[in-house]
Amino acid sequence: MAKNLTGTLQIVTANRLRDGSVVFLTQTAEWTSDIRRAAVARDGEAATRLLGIGTVAAAESRVVDPYLTAVTGEGDDIMPVSLRERIRAQGLTFAAISADATRYL
Amino acid sequence: MYRYDEYDHAFVAERVAQFRDQVKRRLAGEITEDEFKPLRLQNGLYLQLHAYMLRIAIPYGTLSSKQMRTLAHIARRYDRGYGHFTTRQNLQFNWIKLEDAPDALADLAKAEMHAIQTSGNCIRNTTADHWAGVAIDEIEDPRIWCEIIRQWSTVHPEFSFLPRKFKIAVTGSPNDRAAVRVHDIGLRMLRDENGEPGFEVIVGGGLGRTPMIGKTIRPFLPKQHLLSYLEAILRVYNRYGRRDNIYKARIKILVHEIGAEEMRRQVEEEWEGLRDGALDLPADVVAGIGRHFAPPRYQPQPTIATETERLRFENRDFALWLRSNVVAHRQPGHAIVNLSLKPEGGPPGDASAAQMDAVADLADAYSCGEIRVTHEQNLVLPHVAVADLPAVWRGLTLIGFATPNLGLVSDIIACPGLDYCALANARAIPVAQRISQHFADLARQHDIGELKIKISGCINACGHHHVGHIGILGVDKNGTEFYQITLGGHAGDDVSLGSILGPAVPADQVVEAIDSLVRTYLAVRQDGERFLDTYRRVGNTPFKERLYATA
Ligand code: SF4
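About the criteria used
- Residues numbered from 1 in each chain as written.
- Chains lettered and ligands numbered in written order.
- Predicted model: local features only at pLDDT ≥ 70, side-chain atom pairs only at ≥ 80, totals over all residues.
- Heavy atoms only, no water.
- UniProt positions renumbered as here; feature names shortened; annotations may be inferred.
- pLDDT = per-residue confidence, 0-100.
- Helix = DSSP H or I, 4+ residues; strand = E, 2+ residues; numbered from the N terminus.
- Buried < 20%, exposed > 50% of the residue type's maximum accessible area, 1.4 Å probe, protein only.
- Contact = heavy atoms within 4.5 Å.
- Polar contact = N/O pair within 3.5 Å; in protein donor to acceptor, adjacent residues only side chain to side chain.
- Domains from an automatic or database assignment.
- Buried area = accessible area lost by both parts, 1.4 Å probe.
- Nonpolar A, V, L, I, M, F, W, Y, C, P; charged D, E, K, R; others polar.
- Salt bridge = Lys/Arg side-chain N within 4 Å of Asp/Glu carboxyl O.
- Pairing = 2+ DSSP bridges.
- Axes fitted to C-alpha atoms, helices over the stretch in contact; angles between N-to-C directions.

- Per an unreviewed UniProt entry, chain B carries the name Nitrite/sulfite reductase and comes from Vineibacter terrae.
- Per UniProt, chain B has the following entry under Sequence similarities (unreviewed entry): "Belongs to the nitrite and sulfite reductase 4Fe-4S domain family."

- Where an unreviewed UniProt entry is consulted, chain A appears under the name DUF2849 domain-containing protein, with the organism given as Vineibacter terrae.

**Notes on the confidence of the model for chain B**
- Scored by pLDDT, chain B comes out at a mean of 95, with 100% of its residues at no less than 70.
- Across the whole predicted complex the pTM is 0.95, and at the interface the ipTM reaches 0.93.

**Quick look at the environment of A:R103**
- Structurally, the position occupied by A:R103 is in the segment after α2 (83–90).
- Take A:R103: its relative accessible area is 43%, and that puts it in the partly exposed class.
- Ignoring anything within four residues of it in the chain, the contact list for A:R103 reads A:I97, B:Q355, B:T397, B:L398 and B:G400.
- In terms of polar contacts, A:R103 uses its side chain to reach the backbone carbonyl oxygen of B:T397, at 2.5 Å.

**Focus: the domain arrangement of chain B**
All names here are of chain B.
- Split into domains, chain B comes out as domain 1 (6–110), domain 2 (135–292), domain 3 (306–399) and domain 4 (413–550).
- The C-alpha centroid of domain 3 is placed 33 Å from the C-alpha centroid of domain 2.
- Across the interface of domain 2 and domain 3, roughly 500 Å² is buried in total on both sides, 45% from carbon and sulfur atoms.
- It is A135, I136 and R143 that lose the most area in domain 2 upon contact with domain 3, and together they represent 69% of the buried surface on that side.
- Taken together, the residues of the side of domain 2 that touches domain 3 break down into four nonpolar, no polar and three charged.

**Re the side chain of B:H466**
Residues and elements named next belong to chain B.
- Relative to the helices and strands, H466 resides in the loop between β17 (453–456) and β18 (470–477).
- Only 2.8 Å separates the side chain of H466 from the backbone oxygen of G208, close enough to count as a polar contact.
- If near-sequence neighbours (up to four positions away) are discounted, H466 is found in contact with L207, G208, P211, A461, G489, S496, L497 and G498.

**Points about the interface of chain B and chain A**
- Chain B puts 42 residues into the contact, and the matching count from chain A is 27 residues.
- Counting the surface lost from both chain B and chain A, the interface buries some 2,700 Å², and carbon and sulfur atoms represent 60% of this.
- Put simply, chain B and chain A have one salt bridge between them.
- Linking A:R18 and B:E99 is a salt bridge whose minimum nitrogen-to-oxygen distance equals 3.7 Å.

**Here's the deal with the sheet that holds strand β1 (residues 9–16) of chain A**
All names here are of chain A.
- An order of β3-β2-β1-β4-β5 is seen for the five strands of this open sheet, with the pairing classed as antiparallel. Looking at the sheet topology across the chains shown, the edges are occupied by β3 (31–32) and β5 (79–80).
- Here two bridges tie strand β4 (residues 63–72) to β5, and the two strands are oriented antiparallel to one another. Note on β5: the bridge partner recorded for V71 is P80.
- Contacts from helix α1 (residues 44–59) reach β1, β2 (22–25), β3 and β4, with the element oriented near 155° to β4.

Structure follows, in structure tokens:
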């Protein structure tokens, strides 16, 4: 794995059409909900290529609104730069109440 | 309660079938997202950060126990088991799958509910005083008029493509509990000199990016003219409202730009051609709709509810709850019970499927099967016998909805914010949670008294921060959450918009900042003053000095 990644690293994310869930584009042009498996573009050219794959998937009605977003690190160390994307990747920042709960926590 | 007639049933069923087909074609890739998006929005289905969100209209905030059970069922079956009651008396499910949405809508339709006109540039769900029909100061049940508006505005061909969304609020009492001055149209019922009920017509209020207080363009409108007058307003808006700029498209901007007087002139001129026509409802039609809202048959009640009195003296929690959450009812021997969906540390307005079912059971046992949703993200059991209050309190305590904090510092309004919302700048729910934990001590809350905190995660102001006694607005400063604080907003009769206190504070200092504001108030308040009274007397300065001195 590459170390000391600097500069703009980007991944492609979207929502899956069928259920709306957050997904990331992998190296093998699949869509995963696990951000650690996201393909990371290291330069503008690679980013454009990745987004192109995303756009095709959108045209094929698999995902909705694919876009590039900046990250730091990759694999287990990957972390979106913006808070919005961290929340998309990791879920709610508080515990939601469950169906059978009669009390909040 | 209003029941669907054959027309309503057929219309909603047809829409579900139509949407089912549209979803099928979308999933098969036969239509593009650009083509599909307006169709799903017309059915209340948004795409948010993590999933699709389904916004369900609860007309004028009235629900039957059966409808509440349907919502619980949808939460369990199609969502993650909970829903969020909003400031527009709607309910939002946050985790709906596109492929399940038609089934969810079909189940809703069986319980006479839908998600139509909960999005888009049309007339949205008309909101009302949540104590409609039971409030002591009420002239007439506003829901009769809301239902008339609902029927008139549902798929109204002329008003399906307005310059922007359009929200109407109605209060049936001279005391405003529906925030009528911050809606596109607000209707406030009052009586003329002969004692005849009618409406004060207020136009051009709203929150969002450019908050405005509505202007009265007609101090008194005899009620039979309501629809023709509304139609005249909508026509003027449809004609002149700005479609060139989304930020200037609401009717409030039009009223602001041409002035209330010119707006009045235009509306009255338009109305001349409409009044006394087909839209002016004959009394028997109004009476027919009114029968749906006739009060239930209340059981005769003893003059003294012994058990209730005993418990009030013996149990401090019960006494506190009576004081803050229970309100006088127009029917002797009865009370209005307000349920707090603001438990300490909880997300404001959220209810689990189990809680929804339990509320439905309590409504059946003690409130004639009826429930209300408030624009402050709470629920109401509107018809409880005073003698049943101990049982209702115990039932609500079991499900965590008996926190005695109505109107107090922990009864916070918060929009979904950055945890859910695609438009958000910052989180709102976790901020509310931390504030309510900080002020958990109920005795202290009661000492602080009425204090309404309202939080929005962006300038769209779904959390009504402009009219919070303390308003909190999430902003994004170079990718970090900051919160701008406003003071002195209020949504009642003496409506006011909050004024900005100073520079926004970072997320980790919000609780401290609110604590500082509360301490300042406690230090300078005079006898009997609420937070808002003190603020109106002393202004920003003492609050500002103390808050920013320490910063
Ligand atoms: S105020 Fe902004 S963040 Fe909050 S729900 Fe509305 S649009 Fe979303």
